Amino acid sequence: MNIGTLLRSWLACTLGCLPLLILLLVPKLMRSRAGDERLLLIGTALLLLLLVAAFVCAPIMTAWFDPVRGNWDRRTALRSTRRGWRHSTGGAVIALCVGILIYALGQMAGYMLGTLVPYVSDNPAHVSDPSQPRWVIHYTAYALQALILYAVATLAVAWYGWRMRTLHLRKTIRQSAARR
């Protein structure tokens, strides 16, 4: 397990998942108190779509900064991942589950940060003027929480891609040794 490869994978995922960061930084799409419930529904659907796309594309992103010619590069990473799911299903499931667990832990960290540094408060102007929004979003605190969520989400994606890469390269090394 090469931690340097994991860090390079994380860097690649932070760059590759920028649409996710943009979404997370729009309170009206991510928080019910910030806007219309329909916008929250759209934001939640986009979040799910972007997360699934990130996990699917994780192998490609992990190959950006640390390719292994012919075994794990932009062209072969997805194919190698599919083979990994076929031949090493248990390892692939564990890699995905750990990635999802890391994502869930990030959500918990974001929630804890939100309780320590609240991103929303009651709007006192709403009491006297109901046309005013009921809540005030403190964007700095909101953005801080979004950045924490993004950092951990990209770590989860990077972990999955990195583990799939490790599983594939280990199998390739074992096969090469067996042929000798």
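All values reported here derive from a predicted model rather than from experimental measurement. (Residues numbered from 1 in each chain as written. Predicted model: local features only at pLDDT ≥ 70, side-chain atom pairs only at ≥ 80, totals over all residues. Heavy atoms only, no water.)

J.: Outline the overall build of the chain, listing residues and values.
T.: Scanning the chain for helices and strands turns up eight helices and two strands. Traced from its N-terminal end to its C-terminal end, the chain shows the element sequence α-α-α-α-α-α-β-α-β-α. Taking the principal axes of its C-alpha atoms as reference, the chain extends roughly 80 × 30 × 25 Å. For the chain, the share of sequence-separated contacts (at least 6 apart) that also reach a separation of at least 24 residues comes to 66%. Seen as two clouds, the 20 positive and the 6 negative side-chain charges of the chain have centres 24 Å apart. (Helix = DSSP H or I, 4+ residues; strand = E, 2+ residues; numbered from the N terminus. Contact = heavy atoms within 4.5 Å. Lys, Arg positive; Asp, Glu negative; His and termini not counted. Charge placed at Lys NZ, Arg CZ, Asp CG, Glu CD.)

J.: I'd like a description of the packing of aromatic side chains, backed by residues and values.
T.: Tallied over the entire structure, the rule returns four aromatic pairs. Judged by centre distance (5.8 Å) and plane angle (65°), the ring pair of Tyr 119 and Tyr 142 falls under edge-to-face. In this pair, Tyr 119 sits in the loop between helix H6 (89-116) and strand S1 (120-122) while Tyr 142 sits in helix H8 (residues 139-179), placing the two residues 23 residues apart along the sequence. Using a relative accessible area of 1% as the deciding quantity, one classes Tyr 142 as buried. Taking NZ or CZ as reference, Arg 31 lies 5.0 Å from the ring centre of Tyr 119, over its face. (Phe/Tyr/Trp six-rings, centres within 6.5 Å; stacked < 30°, edge-to-face > 60°. Buried < 20%, exposed > 50% of the residue type's maximum accessible area, 1.4 Å probe, protein only. Lys NZ or Arg CZ within 6 Å of the ring centre and 35° of its normal.)

J.: I'd love a proper account of a positive patch on the surface, names of residues and values included.
T.: A cluster of basic residues, Arg 79, Arg 82, Arg 83 and Arg 86, forms a positive patch at the surface. When you line up the elements, Arg 86 lands in helix H5 (residues 77-87). (Patch = residues over 30% accessible without salt bridge, like charges linked within 9 Å, V, L, I, M, F, W, Y side chains within 5 Å. Areas by Shrake-Rupley, 256 points an atom, 1.4 Å probe, with all protein chains shown as cover. Salt bridge = Lys/Arg side-chain N within 4 Å of Asp/Glu carboxyl O.)

J.: Before we move on, could you go through the packing of helix H4 (residues 37-64) against H6 and cite the residues and values that matter?
T.: Running from amino to carboxyl end, H4 crosses H6 at an angle of 140°, the nearest separation of the two axes being 12 Å. Considering their axes alone, H4 and H6 lie oblique with respect to each other. The handedness of the crossing between H4 and H6 is right-handed. Taken together, the residues of H6 that come into contact with H4 (itself represented by Leu 47, Leu 51 and Phe 55) are Leu 96, Gly 99, Ile 100 and Tyr 103. (Axes fitted to C-alpha atoms, helices over the stretch in contact; angles between N-to-C directions. Parallel < 35°, antiparallel > 145°, perpendicular 65-115°, else oblique. Left-handed = near helix turned anticlockwise from the far one by under 90°.)

J.: Account for H4, with residues named and values stated.
T.: Across its 28 residues, H4 extends 38 Å between first and last C-alpha, which sits within 8% of the 40 Å expected from 1.5 Å per residue. Of all the bends in H4, the largest measures some 55° and sits at Ala 58, one to four residues before the proline Pro 59. Looking only at H4, the buried set comprises Leu 40, Gly 43, Leu 47, Leu 51, Ala 54, Phe 55, Ala 58, Pro 59, Met 61, Thr 62 and Ala 63. (Expected span 1.5 Å × (residues − 1). Bend = angle between axes of the 7 residues up to and from the residue.)

J.: Account for the environment of Trp 135, with residues named and values stated.
T.: By the secondary structure assignment, Trp 135 is in strand S2 (residues 135-137). With 14 residues separating them along the chain, Trp 135 and Ser 121 place their C-alpha atoms 5.7 Å apart. The contacts of Trp 135, once residues within four sequence positions are left out, are Arg 33, Val 120, Ser 121, Asp 122 and Asn 123.

J.: I'd like a description of the nonpolar core, backed by residues and values.
T.: Judged by nonpolar contacts, the single largest core of 41 residues is most densely connected at Leu 20, Leu 24, Leu 47, Val 157 and Met 164. Elements with a minimum of two residues in this core: helix H1 (3-16), helix H2 (18-24), helix H3 (27-30), H4, H6 and H8. With 16 residues, H8 is the single largest residue contributor to this core. (Core = buried A, V, L, I, M, F, W, Y, C linked by side-chain atoms within 4.5 Å.)

J.: Can you explain the packing of H1 against H4? Please cite residues and give values.
T.: Between H1 and H4, the shortest axis-to-axis distance is 8 Å and the interhelical angle comes to 120°. In terms of axis orientation, H1 runs oblique to H4. The handedness of the crossing between H1 and H4 comes out as right-handed. Of the residues in H4, those touching H1 at Ser 9, Ala 12, Cys 13 and Gly 16 are Met 61, Thr 62 and Trp 64. For the contact of H1 with H4, the residue count by class is four nonpolar, three polar and no charged. (Nonpolar A, V, L, I, M, F, W, Y, C, P; charged D, E, K, R; others polar.)

J.: Which residues make up a nonpolar patch on the surface, and what are the values?
T.: Side chains of Leu 11, Leu 15, Leu 18, Trp 64 and Phe 65 sit close together on the surface and give an oily, nonpolar patch of about 450 Å² of accessible area. Relative to the elements of secondary structure, Leu 11 occurs in helix H1.

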